[in-house]
Amino acid sequence: MKVQRQKALAKINLTLDIVGKREDGYHELETIMHTVSLHDKVTLLPGEGGVGLWCNLPYVPRDSRNIAYKAALAFFQETGKKGAVHIKLQKHIPVGAGMAGGSTDAAAVLRLLNRGYGYPLTKKKLQELALTLGADVPFCLETGCRLARGIGEKLTPAPHLPPCGILVIKPRYSISTKSLFQKMGAGPLQQRPDTQAMLRALEEGDLEKIGANLRNVMEPVACALHPQEQELREKLLAEKALGARMTGSGSALYGLFENTQQAEKAAEAFQKLPVETFVCTPVF
């Protein structure tokens, strides 16, 4: 296998709803997700003695605790290939942010290995393998906007965002997805999205309507645990975001702006706060 390189794109959730709970304990979701230009860089190099991994962030695991590492193992097991590979992760997507940073790295590893070994897996098989690694990994094999159902694996193409600027705000803390889901059953769900209204707004390409329909059913619970989530969202709106929400299970939030210049100007207002800011655009 030759050296393989690819950008691993982050995602945001335009809507996120919980519509039920399965017998296996997983929650049934209905969510509209969109890839954005914020990305990690994934490089695969010929290796020796199985799978190796390097990452620019010292606290990221470099063994089988890392989902990108697991993806390589799963590929070789599924295909029966006797390959060896060294994975290099240059991470820019914030960790523990709800932006699928780990999942998109895993998806990139699957795509690159499949390409590097002559496409032994069909797209369907690649999606099935991706699901064994995590609920977001099948989406991360795609680009653009998708309506996802089930635990995230039932994907339907959706109209993409119109050109716009996106400002992502990542507080210093992270939120455990597992603990947040566990707290979701404590009371009635709030801020449930109107999925069809969002799909209509996307179809019309109306950024104001899209902003008005951003919803995340997990956000009120996250705000109860971390009031800063609500404060940061209100600040995004005060800086003229057309809409602002938490993405995934947090802790990152994002605001939609008419263009990147407005998003960059809004980012200046967060410079003195204990947060990271990222300006990006939709990718489709």
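Residues numbered from 1 in each chain as written. Predicted model: local features only at pLDDT ≥ 70, side-chain atom pairs only at ≥ 80, totals over all residues. Heavy atoms only, no water.

Asks: Even after reading the chapter, I still don't get unusual backbone geometry, so can you show me in this structure?
Replies: Backbone geometry follows two general trends: most residues other than glycine have a negative phi, and most peptide bonds adopt the trans configuration. The omega torsion of the bond from G250 to S251 falls at 10°, within 30 degrees of zero and hence cis. With respect to the helices and strands, S251 occurs in the loop between β9 (243-246) and β10 (253-257). Of note in the backbone geometry, A100 takes a positive phi value of approximately 65° without being a glycine. Within the secondary structure, A100 sits in the loop between β4 (85-90) and α2 (101-116). In this structure, Y119 takes a positive phi of about 60° despite not being glycine. Relative to the assigned elements, Y119 resides in the loop between α2 and α3 (123-133). (Helix = DSSP H or I, 4+ residues; strand = E, 2+ residues; numbered from the N terminus.)

Asks: Got a minute to help me understand the sheet that holds β9 in this structure?
Replies: Think of a sheet as strands paired side by side through backbone hydrogen bonds, with each pair either parallel or antiparallel. Spatially, β9-β10-β7-β11 is the arrangement adopted by the 4 strands of the open sheet, whose pairing is antiparallel. Single-partner strands in this sheet number two, and they are β9 and β11 (275-280). Taking each pair of neighbouring strands and ignoring which way they run, the sheet shows an average axis angle of 20°. In this sheet, β11 lies alongside strand β7 (residues 165-171) in antiparallel orientation, the contact comprising 6 bridges. Residue pairing in the sheet places I169 in a bridge with T277 of β11. On the sheet, helix α9 (residues 228-238) packs against β7, β9, β10 and β11 and is oriented at approximately 10° with respect to β10. (Pairing = 2+ DSSP bridges. Axes fitted to C-alpha atoms, helices over the stretch in contact; angles between N-to-C directions. Contact = heavy atoms within 4.5 Å.)

Asks: What should I look at first to understand the packing of aromatic side chains in this one?
Replies: Aromatic ring pairs are defined here through the distance separating the ring centres and the angle between the ring planes. This structure, assessed with the given rule, holds 3 aromatic pairs. Pairing F75 with F76 gives two aromatic rings, centres 5.7 Å apart and planes at 75°, and the pair type is edge-to-face. Note on accessibility: F75 and F76 belong to one class, buried. Taken together, a centroid distance of 6.0 Å and an interplanar angle of 45° make the contact between F75 and Y117 tilted. One end of the pair, F75, is in helix α1 (residues 67-79); the other, Y117, is in the loop between α2 and α3, with 42 residues separating them in the sequence. A residue is classified by how much of its surface remains accessible, and F75, at 0% relative accessible area, is buried. Taking the relative accessible area as the measure of exposure, Y117 reaches 22% and is therefore partly exposed. Three or more aromatic residues joined by ring pairs form one cluster here, namely F75, F76 and Y117. The lysine or arginine in question, K235, covers the ring of F270, its NZ or CZ lying 5.6 Å from the ring centre. (Phe/Tyr/Trp six-rings, centres within 6.5 Å; stacked < 30°, edge-to-face > 60°. Buried < 20%, exposed > 50% of the residue type's maximum accessible area, 1.4 Å probe, protein only. Lys NZ or Arg CZ within 6 Å of the ring centre and 35° of its normal.)

Without other data, these values stay purely geometric and don't point to any function.
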